[in-house]
Amino acid sequence: MLAKGEQSIEVAPHATTEVSLGGVRLPWNIREAYLNLSWTPKKKSAFIGTDDEVAYDQFVLPANSQYRPTLAKLSEKPEIQIDPKTGALTSYIYEGQEYLASPVRLSLYRPATDNDNREKKGGAKVWRKLGLNHLVQRVLSVKTSGHTTYSEVELLNDKNDTIGSATFEYTIRKDGILSVQTRFVPDTTFVSSLARVGLVFEMPHSFNRVTYLGRGEHETYADRKLSGRIGIYHTDAERMFHYYVRPQATGNRTDVRWMQVSDELEKGLSVWGEKPFEFSVSPFTDENIDAAGHINELKRNGTVTVHLDALQSGVGTATCGPGVLAPYLVPVKEYLFSFEIRPLK
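Residues numbered from 1 in each chain as written. Predicted model: local features only at pLDDT ≥ 70, side-chain atom pairs only at ≥ 80, totals over all residues. Heavy atoms only, no water.

1. Considerations on empty space enclosed by the protein
All told, the structure shown has three cavities of 30 Å³ or more when counted by the stated rule. Considering only enclosed or pocket space, the largest cavity measures out at about 130 Å³ in volume. Residue lining of the largest cavity: 16 residues in total, with Ala249, Thr250, Ser280, Asp286 and His307 positioned closest to the centre. Where the lining of the largest cavity is concerned, the elements lending two or more residues are β15 (268-282), α3 (286-291) and β16 (303-312). (1 Å grid on protein atoms, 1.4 Å probe; cavity = no way out; pocket = protein on both sides within 12 Å on 5 of 7 lines; lining within 4 Å. Points joined across faces, edges and corners; volume = space filled by probe spheres on them. Helix = DSSP H or I, 4+ residues; strand = E, 2+ residues; numbered from the N terminus.)

2. Topic: the side chain of aspartate 116
With respect to the secondary-structure elements, aspartate 116 resides in the loop between β6 (105-107) and α1 (123-130). For aspartate 116, the residues in contact, after removing those within four places along its chain, are Arg110, Pro111, Gly123, Ala124 and Trp127. (Contact = heavy atoms within 4.5 Å.)

3. Re the side chain of threonine 220
Mapping threonine 220 onto the fold places it in the loop between β12 (209-216) and β13 (229-236). Accessibility expressed as a relative area gives 0% for threonine 220, which makes it buried. At a separation of 2.8 Å, a polar atom in the side chain of threonine 220 contacts the side chain of threonine 254. In contact with threonine 220, not counting residues within four places along its chain, are Arg215, Lys225, Gly228, Asn252, Arg253 and Thr254. (Buried < 20%, exposed > 50% of the residue type's maximum accessible area, 1.4 Å probe, protein only. Polar contact = N/O pair within 3.5 Å; in protein donor to acceptor, adjacent residues only side chain to side chain.)

4. A word on the environment of alanine 249
Checked against the element boundaries, alanine 249 lands in the loop between α2 (237-240) and β14 (253-262). Along the backbone, alanine 249 and proline 111 are 138 residues apart, and their C-alpha atoms lie at a distance of 4.9 Å. The residues touching alanine 249, leaving out its near neighbours within four places in the chain, are Arg110, Pro111, Ala112, Thr113, Tyr221, Tyr244 and Ile289.

5. A word on the environment of leucine 21
One can find leucine 21 in the segment before β1 (32-39). Linking leucine 21 and glutamate 6, residues 15 residues apart in sequence, is a C-alpha distance of 9.2 Å. Discounting chain neighbours no more than four positions away, the residues touching leucine 21 are Gln7, Leu35 and Leu37.

6. Some remarks on α1
Within α1, burial applies to Gly123, Ala124, Trp127 and Leu130. All buried residues of α1 fall inside an arc of 130 degrees around its axis, so they share one side. Exposed and oriented more than 90 degrees from the buried face of α1 are Lys125 and Lys129. Elements in contact with the buried residues of α1: β9 (162-172). Just past α1, the residue glycine 131 takes up positive phi, approximately 80 degrees. (Arc of directions from axis to C-beta.)

Next comes the structure, spelled out in structure tokens:
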């Protein structure tokens with residue numbers, strides 16, 4: 001907490017006023033700060049107490065964008081393996097512990113929400129027709145130079161149609177950070193709609209504890225996120241999953257600066273994004289969620305599913321109103337994004 005204060009303001013409904021908060025010097029060792037404003041009534045009424053929040057707002061204050069925290073020295077460098085057939089990261093071992101339960105793959109689909117199924121343009125019907133839910137990576141080339149492995153892949157659906165292409169650059173730095181840079185180029189003559197652009201992988205279920213700096217503490221999406229304030233939140237895969245009557249995509253978090261998944265011994269992975277990103281951690285696989293018609297059909301397989309998204313579509317209101325509005329769709333264009341991954345300790 002850098003500063004805190006309280007003011008009493010007299011202003012009529014629909015009127016405006018100016019408020020001076022005074023100056024606050026931001027320290028050099030932060031990248032940004034958050035100005036949180038909260039409004040509570042001065043007088044108690046029939047339904048609202050003086051402690052009840054009637055409005056709030058939050059502003060991001062840029063500080064030292066060049067600041068990087070000092071990282072504790074690792075006991076050893078993580079070991080990784082790249083599949084020569086798919087170009088995917090298939091193994092991440094640190095201190096003898098395998099952290100991956102599935103390959104790290106490009107992800108363009110999400111388990112359809114009720115709204116997705118009723119979209120008139122785009123949405124789940126189009127995503128499935130394109131085969132985004134059956135994405136296959138086929139290697140064109142894999143090369144290693146120094147500490148970096150480059151893989152170039154062709155993206156196909158289950159009918160062998162070309163979705164596009166992608167390149168992955170995996171670099172382990174001296175400080176133990178694994179940088180994963182991804183470039184995705186869709187075939188715009190074929191692909192007309194995307195649910196998301198990001199990475200997906202599974203981890204052993206023991207890594208089900210989640211901490212992050214982003215919007216929370218509930219799920220948020222591009223078109224419904226202002227109810228979530230940016231802060232540091234602690235949760236787990238089970239609490240992030242909402243049991244809708246019909247299983248569907250859930251638990252997304254937006255405007256995330258970093259996230260961590262860990263076990264009860266506080267071992268796990270931390271992830272930073274070059275830009276604010278979106279993520280979710282689920283106790284079920286995407287395939288299971290998408291196929292389940294009722295929650296009793298959800299089956300645990302001993303893993304958690306982690307999504308790291310550069311961008312994900314909003315959810316709209318197509319069940320009872322308009323679909324996803326244009327500003328909250330995922331544009332069908334080239335994407336370049338990166339994540340930095342490191343053991344917690």
